[in-house]
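# Results of the structural survey
Listed below, chain by chain, are the residues.
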Amino acid sequence: MAKTSDEQSYLSEADGLVFLIEEVPRKLRRVFDASTAKFGLTRTQWRALAYIFRTPGLTQTELAKCLELERASVGHVIDQLEKADYVERRAVEGNRRVWTLHLRPKAIGILPALRAEADVVYERLLAGISANDIATFKRLLASMSANL
């Protein structure tokens, strides 16, 4: 059945671009999920470890902001990582309600393999794209982000 001109014009070129922009992170999340599963981790757990590595002593609230998740959801992630001996909570002196997050030796030991796995995913994502095109794309994404 042929589409009418109204149906053909319903989706604009901008829609096509935005749909494509949304499709890439969705596929990237799927690939990352498969990659982190090899280590018995979720993508969110991997990201949490990365943030804690970058900022030792991060609080759960700070980590929640980094991950763009609710504090309770991050609490569950930290519970799982603590149970797996990847992370430990340490009480803040003088404030019994605040705990800082620190990597355990087991997490530090797995980070190089996680880094290598992420690099493989990134190489796959960026295959065939020149450094100039990547630089241009970064500028364009930064402009789009600033526009919002």
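Note that this is a predicted model, so its numbers are computed, not measured.

Turning next to the pairing of strand S2 (residues 87-92). Looking at chain direction, S2 and strand S3 (residues 95-103) are connected through six bridges and run antiparallel. Residue pairing across strands places arginine 90 opposite threonine 100, the latter belonging to S3. Between S2 and S3, which follow one another and run antiparallel, lie two residues, and glycine 94 among them has a positive phi close to 85°.

Right, let's talk about the UniProt feature "domain: HTH marR-type" (unreviewed entry) in the protein chain for a bit. Those residues carrying the UniProt feature "domain: HTH marR-type" (unreviewed entry) are residues 14-146 in this numbering. Span residues 14-146 is 71% helix and 13% strand, its end C-alpha atoms 17 Å apart.

All right, on to the pattern of salt bridges then. Counting across every chain of the model gives nine salt bridges. The closest approach of N and O atoms between glutamate 117 and lysine 38, which form a salt bridge, is 2.9 Å. Here lysine 38 lies in the loop between helix H2 (13-37) and helix H3 (43-54) and glutamate 117 lies in helix H6 (residues 105-126), a separation of 79 residues in the sequence. Assessed through its relative accessible area of 18%, glutamate 117 is described here as buried. You can call lysine 38 exposed: its relative accessible area is 60%. As a salt-bridge pair, glutamate 82 and arginine 89 come within 2.6 Å of each other at their nearest N and O atoms. Linked by salt bridges that have partners in common, Asp85, Glu88, Arg90 and Arg104 make up one network.

Looking now at the nonpolar core. Ranked by internal contacts, the top residues of the largest apolar core, which has 25 residues, are Leu49, Leu63, Ile78, Leu81, Tyr86 and Val87. Mapped by element, the contributors of at least two residues to this core are H3, helix H4 (60-67), helix H5 (71-83), S3 and H6. With six residues, H6 is the single largest residue contributor to this core. Other than its neighbours up to four places away in sequence, isoleucine 78 contacts Ile52, Leu63, Val87, Arg89 and Leu101.

Once that is clear, we can look at the packing of aromatic side chains. In this description, a pair of aromatic rings is defined by centroid distance and the angle of the planes. Counted under the stated rule, the structure contains two aromatic pairs. For the pair phenylalanine 32 and tryptophan 46, a centre-to-centre distance of 5.5 Å together with 45° between the ring planes defines the contact as tilted. Placement of phenylalanine 32 in helix H2 and of tryptophan 46 in helix H3 is noted, with a sequence separation of 14 residues between them. For the pair shown, phenylalanine 32 and tryptophan 46 are each scored as buried. Among the residues examined, phenylalanine 32 registers a relative accessible area of 7% and is labelled buried. Connected via pairs of aromatic rings, a cluster forms that spans Phe32, Trp46 and Tyr122. Across from the ring centre of tyrosine 86, 4.9 Å away, lies the NZ or CZ of lysine 106, which sits over that ring.

Calculation criteria
Each chain has its residues counted from 1, running along the sequence as written. Side-chain atom pairs in this predicted model are given and counted only at pLDDT of 80 or more, local residue features only at pLDDT of at least 70, and totals for whole chains, interfaces and linings cover all residues. Water and hydrogen atoms play no part in the side-chain values, which are based on all heavy atoms of the structure. Between any two strands, at least two bridges found by DSSP are needed for them to pair. A run of DSSP states H or I qualifies as a helix once it reaches four residues; a run of E qualifies as a strand once it reaches two. Both are numbered from the N-terminal end. UniProt positions are given in the numbering used here, feature names are shortened, and annotations may be inferred rather than shown by experiment. Every case where a carboxyl oxygen of Asp or Glu lies within 4 Å of a side-chain nitrogen of Lys or Arg is listed as a salt bridge. Accessible area is worked out with a 1.4 Å probe on protein chains only. A residue is then buried under 20% of its type maximum, exposed over 50%, and partly exposed in between. Buried Ala, Val, Leu, Ile, Met, Phe, Trp, Tyr and Cys residues that are joined via side-chain atoms within 4.5 Å together make up what is termed a nonpolar core. We call two residues contacting when some pair of their heavy atoms lies within 4.5 Å. Whether two aromatic rings pair depends on their centres lying within 6.5 Å, for rings of Phe, Tyr and Trp, where Trp uses its six-membered ring; planes under 30 degrees apart make the pair stacked, over 60 edge-to-face, and the rest tilted. For a lysine, the NZ atom is tested; for an arginine, the CZ atom; a charge sits over a ring if that atom is within 6 Å of the ring centre and within 35 degrees of the ring normal.

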